[in-house]
Amino acid sequence: MGYEGSTVTVRRFLSTLKQKKTNQQNRTVRFETPPGEQAQADWTFCGRFPSKGNQAVSVYAFVLVLGYSRMTFPTFTTSMKLPVLIRAHQQAFHYFGGWTRTILYDNMKQVRLSRTRWNERFLDFARHYGFTSKTHQPYRPRTKGKVERTIEYLKDNFLKARTFDSVDDLNAQVLHWLEHTANVRIHGTTQQRPVDLFDREQLCCLDSVPEYQFHNPAPRTVSTESLVHFQGSRYSVPPEFTGQIVEVAAQGGLIFVRCGDTVIAEHREAM
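Residues numbered from 1 in each chain as written. Predicted model: local features only at pLDDT ≥ 70, side-chain atom pairs only at ≥ 80, totals over all residues. Heavy atoms only, no water.

Let's talk about the overall build of the protein chain
The following threshold applies: Only DSSP runs of H or I reaching four residues or more are called helices, and only runs of E reaching two or more are called strands; each is numbered from the N terminus. Just to be clear, the radius of gyration here is over C-alpha atoms, and the globule rule we use is 2.2 Å times residues to the power 0.38. The cut-offs for exposure are 20% and 50% of the maximum accessible area for each residue type, with area from a 1.4 Å probe on protein chains only; residues under the lower value are buried, those over the upper are exposed, and the others partly exposed. In what follows, a contact means two residues having at least one pair of non-hydrogen atoms within 4.5 Å.
The number of helices and strands found in the protein chain is six helices and 13 strands. Relative to the 2.2 N^0.38 estimate, which gives 18 Å for 271 residues, the radius of gyration of the protein chain is 24 Å and therefore markedly larger than a compact globule would have. Each principal axis of the C-alpha atoms in the protein chain carries an extent, and together these give about 80 × 60 × 45 Å. Every one of the 271 residues in the protein chain was classed for burial, and the buried ones make up 40%. For the protein chain, restricting intrachain contacts to residue pairs at least 6 apart in sequence, the fraction spanning at least 24 positions comes to 59%.

Concerning the sheet that holds strand S5 (residues 102–105)
So the rule is basically this: Two strands qualify as a pair provided DSSP detects at least 2 bridges between them. The convention used is that axes are lines fitted to C-alpha atoms, helices contributing only their stretch in contact, and that angles between N-to-C directions extend from 0 to 180 degrees.
Pairing is mixed in the open sheet, where five strands are placed in the order S3-S2-S1-S5-S6. Looking along the sheet, the strands with just one partner apiece sit at the ends: strand S3 (72–77) and strand S6 (132–135). Each strand axis lies, on average, 25° off the axis of its neighbour in the sheet, ignoring direction. Note that S5 and S6 share four bridges and pair parallel. Pairing of Ile103 across the sheet is with Ser133, part of S6. The strands that helix H4 (residues 145–159) touches are strand S1 (38–50), strand S2 (56–66) and S3; relative to S1, the one it contacts most, it runs at about 35°.

Here's the deal with a nonpolar patch on the surface
Note the threshold: Residues enter patches when they are more than 30% accessible in relative terms and free of salt bridges; like-charged ones are connected within 9 Å and nonpolar ones (Val, Leu, Ile, Met, Phe, Trp, Tyr) within 5 Å. Shrake-Rupley sampling with a 1.4 Å probe provides the accessible areas, and residues are treated as covered by the protein chains on show and by no other component. Throughout this description, the term salt bridge denotes a Lys or Arg side-chain nitrogen within 4 Å of a carboxyl oxygen of Asp or Glu.
Taken together, the side chains of Tyr3, Val10, Phe13, Leu14 and Leu17 make up a nonpolar region of the molecular surface, amounting to roughly 500 Å² of accessible area. Using a relative accessible area of 42% as the deciding quantity, one classes Leu17 as partly exposed.

Overview of the pattern of salt bridges
Evaluation of the coordinates by the stated rule reveals six salt bridges. The partner of Arg127 in a salt bridge is Glu120, and the shortest N-O contact between them spans 3.7 Å. When its relative accessible area of 32% is taken as the criterion, Glu120 is described as partly exposed. A salt bridge links Asp196 to Arg193, with the nearest nitrogen and oxygen atoms 2.9 Å apart. Owing to a relative accessible area of 35%, Asp196 belongs among the partly exposed residues under this scheme.

Remarks on the packing of aromatic side chains
The description of two aromatic rings rests on the distance between their centres and on the angle between their planes. Quick note on the threshold: Centres within 6.5 Å are what make two rings of Phe, Tyr or Trp a pair, Trp counting through its six-membered ring; a difference in plane orientation under 30 degrees is then read as stacked, over 60 as edge-to-face, and the rest as tilted. Criterion for a charge above a ring: Lys NZ or Arg CZ within 6 Å of the ring centre, and within 35 degrees of the ring normal.
Here the structure, examined in full by the defined rule, presents 20 aromatic pairs. Aromatic pair Phe158 and Trp177: ring centres 5.3 Å apart, planes at 45°, arrangement tilted. Here Phe158 is found in helix H4, whereas its partner Trp177 is found in helix H5 (residues 167–180), with 19 residues between them in sequence. Residue Phe158 is classed as buried on the basis of its relative accessible area of 1%. With a relative accessible area of 6%, Trp177 lands in the buried category. The ring of Tyr153 carries Arg185 above its face, with NZ or CZ at 4.1 Å from the centroid.

Considerations on the nonpolar core
Put simply, the rule is: Among the buried residues, those of types Ala, Val, Leu, Ile, Met, Phe, Trp, Tyr and Cys that are joined through side-chain atoms within 4.5 Å form a nonpolar core.
With 44 residues, the main nonpolar core has Leu64, Phe76 and Phe131 as its most contacted residues. Those elements that provide at least two residues to this core are S1, S2, S3, helix H2 (82–96), S5, helix H3 (120–129), H4 and H5. A per-element tally of this core places S2 first, with eight residues. The contact partners of Phe131, leaving out residues within four places of it in the chain, are Phe93, Trp99, Thr100, Arg101, Ile103, Tyr105, Phe122, Phe125 and Ala126. The next biggest cluster of nonpolar side chains, apart from the first, holds 15 residues, and it includes Ile255, Val257, Cys259 and Ile264.

A short note on the pairing of strand S12 (residues 254–259)
Where strand S11 (residues 245–251) lies against S12, five bridges are found, and the strand directions are antiparallel. The partner of Ala249 across the bridge, within S12, is Phe256. Pairing geometry for S12 and strand S13 (residues 262–268), over six bridges, is antiparallel. By the bridge assignment for S13, Ile255 is matched with His267.

Focus on H5
What counts here: Expected helix span is taken as 1.5 Å per residue step, with the number of steps being one fewer than the number of residues. In this description, one arc is meant: the one made by directions from the helix axis to the C-beta atoms.
Here H5 contains 14 residues, and its C-alpha end-to-end distance of 20 Å stays within 8% of the 20 Å for a straight helix at 1.5 Å per residue. Of all the positions in H5, only Leu170, Asn171, Gln173, Val174, Trp177 and Leu178 are classed as buried. Taken around the axis of H5, the buried residues stretch over an arc of 165°, which confines them to a single face. Along H5, the residues that are exposed and aim more than 90 degrees away from the buried face are Asp168, His176 and His180. If you follow the buried residues of H5, they end up packed against S2, S3, H2 and H4.

Set out below in structure tokens:
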């Protein structure tokens, strides 16, 4: 095309375009939400610590922060499985006295199985309380920067050089830290104390729905008679599932049989 310059000059010019594109992709616009609208939640790995018998166990923290007031609730666990995640939410709801209309997560498998599939069991929990689950774009953790920064603060201000006898002891200590440090400090972004802004939050009331009951499903193999055995009784399923492994759970006087994320049979619990 008539260009007579060197390839080095072209490469140098192209590198400036690449840097400009990178800077644009990394640009973050702070997004504030009105009272009661959004909370952000996430897990973080805290390390491995000795337990009974000097066996090391992994300790995780579930952190939920209210977007408007920045009120924070963390709880420490030794598992990140779905029943533990649900229980951690309920502890946070009790601490705050309610919940926001939406909660933002990363793409954790307990919430979202893939970009197109949600975890139906978690959605059942969310529908029970009436909040909307949202996840950030893949590889864009800054979308939920409030909880990311809260996790950094938890690790730097609470966990560093701390000793504890058990996870229960650690959770007792973090409650004291919340009441005397985290939720009563002047927040770096809002320049107000979270506990003061919390008075303006408009949360869904804790007493508006009964507490969600989660039951761990039991794996069962469907017999040749298209039946599954559960708690001393037999329950029928569609014949096309014969020989397959399904999950059976009791909830609210009903028996649910699932194959994957689909409920394939529902019965009244045998007495």
